[in-house]
Each structure stands twice: as C-alpha cells, then as structure tokens.
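# Observations on the model geometry
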Amino acid sequence: MGTGVSHILKKYSFLLSLLFLSLIIYVILNGVTIELITPLVSILFGKETSPPIFLEKLTSWILQGNKIHSLTRLTLFLLSLFLLRGFSYFTLLYSGRILEEKLLKDLRREVYTHILSLPLPCLRKRKEGDFLSLVLNDVEQTRLLISDGVVEFTKSLLLILVYLFLSLWASWRLFLTVLIVIPVVFIFTGWCGRKIRDLSKRVQEEKGRVNSALSDAFKNPRVFKLYIPEFTERFSRENEKLYSTSGSLWTYFSLTPSLNEIFSALVACVVLFYGGFLILHGILPLDRFLIFLAASVSSIHPVKILGKAKGFIEKGRGSFMRIKEVLEMEPEREEGEKIEKIEEIVFDNVTYESDGKRILDGVSFEVKKGEWVNVKGRSGAGKTTLFDLILGYIKPSSGRIFINGKDMEKISCKSLRKHLSLVSQEPFIFRGTLMENLLVEDEKKAKEKLKEWGFEDLMLNFCRGYDKLIENLSGGERQVVEIARALLREPEVLILDEATSQMDRGMEKRVLNAVKKAMNGRIVFYVSHRGGTGEKEIILEGE
C-alpha cells in the first residue's frame with residue numbers, strides 16, 4: 001500500500017499467506033463444482049460427455065458401476081467439496097478480518113506517533129481537526145482497502161478468470177459473444193472508480209473541516225455561548241459542503257453495481273438465446289451448454305462485487321493518499337549527540353523570522369545551572385518563540401544556540417527534551433485521576449517528592465485524592481497540577497510561560513516556593529506580568 005505500511009505487512013506474513021492460500025483453494029473448488037455438471041448429465045441423460053483433461057480420472061471414478069452408485073458417489077463427493085469450500089471461505093473471511101484489524105491498529109499507531117514527531121511549524125500549519133480526522137476517519141476508511149477492497153477484488157477477479165476459462169472450454173462461440181461486453185464493463189468500472197477516489201479524498205478533507213469547526217466551538221464554551229450564531233453559521237456551511245460531496249460520492253458508488261446488473265442481465269439473455277440456437281442445430285452438446293450457462297450465471301455475482309470492490313479500493317485509496325502525505329512529511333531529527341545534564345544555555349546573536357516578520361533580533365544571553373531567569377517583554381515580543389527555540393521546536397534564522405558548549409544543531413532533540421519541562425498559560429489536563437494526570441510510573445516515589453516540595457497539601461486541598469477523578473477545577477488549580485507534573489520529570493530546565501497567571505497571589509507564592517525547592521541547583525525560565533522572583537532578567541523588545 002505504500003509508505004508506512006509495507007513494513008507492517010511483513011509482520012503478518014503468516015496471516016497474509018493463509019489468506020491467499022484459502023483464497024486460491026476457494027476459487028479452484030468453485031471451478032471444480034461447476035465441472036461436475038459433466039458426470040451429472042452423463043448419469044441422468046445417458047449421454048456421452050468429454051470432461052477436461054485434469055478431471056478425467058475423477059469423472060471416470062464417479063461413473064463406475066450403475067447409475068445409482070454413480071449418483072451416490074457424485075452426491076457424496078459434492079458434499080465433501082461443499083464442506084471443504086465452506087471451510088476455506090471461513091478461513092478466507094476470518095484471516096482477512098483479523099489481518100485488517102491488526103493492520104489498522106498498527107497504522108493508527110504509526111500515524112499518531114508520526115504526527116507527534118513532526119516539527120512544530122508543520123503542526124501549526126494544519127488545524128487540529130484535520131489531524132483528528134486523519135487518525136480517526138482516514139485510518140478507518142483504509143479498512144475498505146483490505147477485506148472489502150483488495151481481498152474481494154482479488155477473489156472476484158480470480159473467480160471471473162476461472163469462469164472465463166470454463167466458458168472458453170465449453171464453447172468458444174458463446175465465449176466470444178460474451179467477450180464483447182466485458183471491456184465495456186471494465187471501462188465503465190474504471191471511470192467510476194476514479195470519480196469515487198477523488199470524491200472520497202474530498203469527503204475526508206471536508207470531514208476534517210467539520211471536525212475543526214466542532215473542536216473550535218467547544219474549546220472555550222464560555223466564549224462560544226456569546227457567538228452561537230457565528231459558530232452555527234460556520235458549522236452549517238462546512239456541514240453543507242460535506243453533505244454535497246458525500247451525495248456525489250454515493251451517486252457514483254450506487255451507479256457502479258446498478259449498471260453492472262444491467263450488463264449481466266443483457267449477457268444472460270444473449271447466452272440463453274444463442275446457446276439454445278446452437279443446441280437445436282446440434283453444434284453444442286448439452287453438458288457443455290450447461291457448464292457455460294453455470295459459469296456465466298456464477299460470474300454475475302463476482303462481476304457485481306468486482307465493481308463494488310473497485311469502488312471501495314478507490315474510496316479507501318483516497319483516504320490512504322491523505323495518510324501517505326503526512327507519513328512522508330520529514331520528522332524532527334532524531335540523530336545527534338546525547339546529553340546527560342544541562343549545565344549552561346548560551347544564545348549567540350540569535351535572530352528568528354517567520355512569514356517575513358522578525359520576531360527575535362540578535363538575542364544574546366548566558367544562563368548557568370542554578371539560575372532563575374525572569375523573561376520580560378510586551379505581548380508579541382517573542383517570549384514564547386524564545387522558549388520554542390530552547391525546546392528545539394524551531395531553528396534560528398541566524399545565530400547559534402549552545403547547550404553545555406555544544407551547538408544545539410548537533411544535539412538530539414529527543415535527548416534534549418528529556419531534560420526540559422514546559423508549563424504554559426493554558427494548562428493541559430485530561431480526563432482521569434490526579435495520579436493519571438501526573439504521568440508517573442513510580443507512584444510511591446511521586447507522592448514522596450510532592451510531599452517534600454509542598455505540593456501534596458496544596459493539591460489535596462482541591463482534589464479529593466490521588467485516585468479520584470479531576471473535576472471542576474479552576475484555572476489556577478489546573479495550573480498547579482500541570483506544574484507538579486512538570487516537576488516530577490525532574491528536569492534540568494523548567495520553563496514557566498505565564499504558568500501562574502490564573503492563580504491568586506497566595507497560591508502563586510506557595511507554588512513558586514515549592515518550585516524553588518524542587519528546582520534547586522537547576523535552571524528556571526519564568527514569565528509573569530506580575531513581576532519576577534529571580535536574580536536574572538532577559539528583556540525582549542520584539543521587532
């Protein structure tokens with residue numbers, strides 16, 4: 001299927017082999033079942049028949065003895081054949097669905113982890129609803145590529161080829177008659193498939209915009225309630241576009257099997273008339289006509305499924321192309337030197353520009369281990385940009401950053417961020433218990449640390465316990481939980497970007513005292529409009 005999937009398929013080579021083995025067995029048994037019309041005609045009508053070479057011995061064995069014995073053998077053989085075919089079909093369906101679920105599980109994880117590895121500017125270019133749609137909707141839509149798409153398409157195509165072979169063997173005259181119609185069906189199916197693929201991609205993109213409209217509206221319910229007409233208008237506009245495109249998609253999706261039905265009926269009528277004409281004139285034996293008729297009728301269903309499966313493939317392919325676009329985006333660098341501690345951070349004449357605007361201009365400073373740094377500047381002066389540079393989320397337009405005397409460009413981002421913690425103005429708290437929100441492995445050690453720093457009493461004033469769900473917290477209380485989480489990583493550098501802005505003075509003082517105790521001997525960058533508490537300042541002027 002392409003990028004990000006080929007190595008996943010290798011993990012499930014056994015399931016893939018089982019799937020295609022059962023598929024081949026199922027297709028062959030369907031062909032053999034139709035060929036058994038030959039001994040049946042011989043038994044019932046006493047006519048001489050000429051079975052294909054590969055079934056001569058089987059036919060001879062069935063026709064041994066009197067007609068009752070032959071009929072008994074034929075019936076028992078057919079019964080065993082149907083049982084084997086049923087088992088192979090079960091194996092085909094089961095292995096296909098299990099493979100499908102495993103692939104989707106791995107692909108979902110692959111897409112999720114790759115999105116998280118993308119550089120920050122790349123993440124900012126897309127709306128969060130777009131990524132949400134990608135992980136949930138697009139990955140789910142790729143399901144159509146597997147069991148309902150590729151497997152059904154392959155099965156139907158192989159069955160059609162077997163039935164075509166039987167038809168050609170039975171009567172080349174009738175075969176040529178049918179062959180005229182087949183290219184028309186394939187041309188039409190291909191045209192519909194291309195339309196379905198393009199429309200499917202548009203549907204997934206519009207689902208992303210609908211998700212964005214939803215998530216934007218519910219991010220801040222207090223603001224949302226004031227702009228209900230505006231948010232409703234935006235959502236309705238995107239929803240209407242989705243409805244219109246989805247309607248076009250399902251028009252083509254419905255058209256494919258409907259016209260296949262008409263083509264199949266047309267072929268059946270032509271076969272019945274021309275075949276009857278050949279029998280009446282002694283040109284075509286009865287058993288050959290019955291085999292041709294059975295093969296033609298049996299091929300009607302695969303032809304219908306073929307068109308439908310082609311539609312599913314194109315629909316799933318549209319989603320997969322969107323996934324592929326993201327998986328091909330260059331992730332952040334993982335290679336580079338590893339660092340064990342952060343002793344010093346130096347900015348040497350660092351400038352950063354974005355969209356033609358200079359945000360930081362020639363910033364230089366030096367921060368050593370054990371220093372608390374107050375970062376000051378008006379709104380838009382570049383404080384958050386400064387922190388993004390320290391975190392390695394973005395690169396300087398000019399100038400250099402040194403960590404422990406090493407150029408930051410040569411240090412692994414993953415290694416660097418192990419030693420950094422960030423708390424922003426908008427606290428990130430997810431639904432779960434207090435302990436789950438702290439994201440720790442050793443709960444006992446975490447409790448001891450929080451108690452030592454003075455955070456335990458502070459948090460348990462508004463949380464009922466570590467194992468209780470976090471509910472109805474104020475903005476300041478949520479910030480306390482996030483600062484505690486950041487400290488439990490035991491970072492070498494802690495960045496507090498307006499991290500106490502929603503606390504009252506009393507709570508802020510207690511939290512900062514706890515932070516100083518926890519970060520003793522390490523680096524803290526602190527931003528607050530209320531003033532700083534450290535001995536060092538960085539003042540940013542902006543452009």
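These numbers were taken from a predicted model, which means no experiment stands behind them. (Residues numbered from 1 in each chain as written. Predicted model: local features only at pLDDT ≥ 70, side-chain atom pairs only at ≥ 80, totals over all residues. Heavy atoms only, no water.)

The next subject is the overall build of the chain. If you tally the helices and strands in the chain, you get 20 helices and 9 strands. Out of the 543 residues in the chain, the part that is buried amounts to 47%. Carbon and sulfur atoms form 58% of the exposed surface of the chain, whose accessible area is close to 28400 Å². (Helix = DSSP H or I, 4+ residues; strand = E, 2+ residues; numbered from the N terminus. Buried < 20%, exposed > 50% of the residue type's maximum accessible area, 1.4 Å probe, protein only. Areas by Shrake-Rupley, 256 points an atom, 1.4 Å probe, with all protein chains shown as cover.)

This next bit is on the layout of surface pockets. By volume, the largest pocket amounts to about 1900 Å³. Around the largest pocket, the lining comprises 44 residues; the ones closest to its centre are L120, Y393, L422, S424 and F428. Those elements that provide at least two residues to the lining of the largest pocket are α5 (67-117), α6 (120-125), α14 (383-390), α15 (413-417), β6 (420-423) and α19 (475-488). Per-element tally for the lining of the largest pocket: the top contributor is α14, with 5 residues. Its residues assigned to classes, the lining of the largest pocket shows 17 nonpolar, 10 polar and 17 charged. (1 Å grid on protein atoms, 1.4 Å probe; cavity = no way out; pocket = protein on both sides within 12 Å on 5 of 7 lines; lining within 4 Å. Points joined across faces, edges and corners; volume = space filled by probe spheres on them. Nonpolar A, V, L, I, M, F, W, Y, C, P; charged D, E, K, R; others polar.)

This part takes up unusual backbone geometry. You will see that N349, though not glycine, has its phi angle at about 55°, which is positive. Among the structural elements, N349 can be located in strand β1 (residues 344-354). Given the relative accessible area of 45%, N349 is considered partly exposed.

Further remarks concern the nonpolar core. Grouped burial of nonpolar side chains is what soluble globular proteins tend to show. Core analysis: the biggest nonpolar cluster contains 37 residues, and F455, I483, L496 and V515 have the highest contact counts within it. Among the secondary structure elements, those contributing two or more residues to this core are α16 (434-438), α17 (443-453), α18 (455-460), α19, β7 (493-497), α20 (505-518) and β8 (523-527). Broken down by element, this core gets its largest block of residues, 7 residues, from α19. Formed by 33 residues, the second largest nonpolar core is a distinct cluster that contains Y352, A381, F387 and I390. (Core = buried A, V, L, I, M, F, W, Y, C linked by side-chain atoms within 4.5 Å.)

Let's shift gears to the side chain of E100. Take E100: it is sitting in helix α5. Overall, E100 belongs to the buried group, its relative accessible area being 1%. Beyond its immediate chain neighbours, meaning those up to four positions away, E100 contacts R143, I146, S147 and D148. (Contact = heavy atoms within 4.5 Å.)

A separate point is the pattern of salt bridges. Counted according to the given criterion, the structure contains 23 salt bridges. R143 is the salt-bridge partner of E140, the closest N and O atoms lying 2.7 Å from each other. E233 serves as the salt-bridge partner of R237, at 3.9 Å between the closest nitrogen and oxygen. With a gap of 4 residues between them, R237 and E233 both fall in helix α12 (residues 228-280), about one helical turn apart. Relative accessible area serves as the criterion here: at 41%, R237 is assigned to the partly exposed category. Through salt bridges that share partners, R97, E100, E101, R108, E140, R143 and D148 make up one connected network. (Salt bridge = Lys/Arg side-chain N within 4 Å of Asp/Glu carboxyl O.)

What follows covers the sheet that holds β7. The 5 strands lie next to each other as β6-β7-β8-β3-β9, forming an open sheet whose pairing is parallel. Each edge of the open sheet is held by one strand with a lone partner, namely β6 and β9 (536-539). Recorded for the sheet is a direction-independent mean angle of 15° between the axes of neighbouring strands. Strand direction decides the pairing type here: strand β3 (residues 372-376) and β9, joined by 4 bridges, are parallel. Paired with V373 across the two strands is K536, which belongs to β9. (Pairing = 2+ DSSP bridges. Axes fitted to C-alpha atoms, helices over the stretch in contact; angles between N-to-C directions.)

For sheets, the rule is that strands pair by backbone hydrogen bonds, running either parallel or antiparallel. Across the sheet, which stays open at both edges, the 4 strands sit in the order β2-β1-β4-β5 with antiparallel pairing between neighbours. Among the strands making up the open sheet, the edge pair consists of β2 (357-368) and β5 (406-407). Examined bridge by bridge, β1 and β2 share 8 bridges and lie antiparallel to one another. Paired with I345 across the strands is V367, a residue of β2. The strands touched by α14 within the sheet are β1, β2 and β4 (398-403), with β1 carrying the most contacts at an inclination of about 120°.

Now for a nonpolar patch on the surface. A cluster of nonpolar side chains, contributed by L168, W172, L176 and L179, occupies part of the molecular surface with about 380 Å² of accessible area. Top element by residues in the nonpolar patch is helix α9 (residues 172-179). It accounts for 3 residues. Within the secondary structure layout, L176 lies in helix α9. Judged by its relative accessible area of 44%, L176 falls in the partly exposed class. (Patch = residues over 30% accessible without salt bridge, like charges linked within 9 Å, V, L, I, M, F, W, Y side chains within 5 Å.)

To continue, consider the packing of α19 against α20. Two measures define how a pair of helices packs: the angle their axes make with one another and the distance between the axes. Where α19 meets α20, the axes come as close as 11 Å, and the angle between the chain directions of the two elements is 0°. Accordingly, the angle class assigned to the pair α19 and α20 is roughly parallel. Along its contact with α19, which presents G476, E477, V480, I483 and L487, the element α20 presents M507, V511, V515 and A518. Along the lines of polarity and charge, the residues of the contact of α19 with α20 split into 7 nonpolar, 1 polar and 1 charged. (Parallel < 35°, antiparallel > 145°, perpendicular 65-115°, else oblique.)

Time to look at the environment of L487. Tracing the backbone through its elements, the reader meets L487 in helix α19. Setting aside residues up to four positions removed in sequence, L487 forms contacts with W453, F455, L494, V515, A518 and M519.

A cluster of acidic residues, E436, E441, D442, E443, E448, E452 and D467, forms a negative patch at the surface. The element that contributes the greatest number of residues to the negative patch is α17, accounting for 3 residues. Here E441 lies in the loop between α16 and α17. (Lys, Arg positive; Asp, Glu negative; His and termini not counted. Charge placed at Lys NZ, Arg CZ, Asp CG, Glu CD.)

Moving on to the side chain of E238. Take E238: it is sitting in helix α12. Excluding residues that lie within four positions of it along the chain, E238 makes contacts with R209 and V210.

This paragraph deals with the environment of L327. As for its placement among the helices and strands, L327 is situated in helix α13 (residues 286-327). Between the C-alpha atoms of L327 and E110, which are 217 residues apart in sequence, the distance is 8.4 Å.

Another point: the pairing of β3. Of all 5 residues making up β3, 4 are buried, and the element is well covered by its neighbours. Across 3 bridges, β3 lies against β8 in parallel orientation. Across the sheet, the residue bridging to V373 is F525, located in β8.

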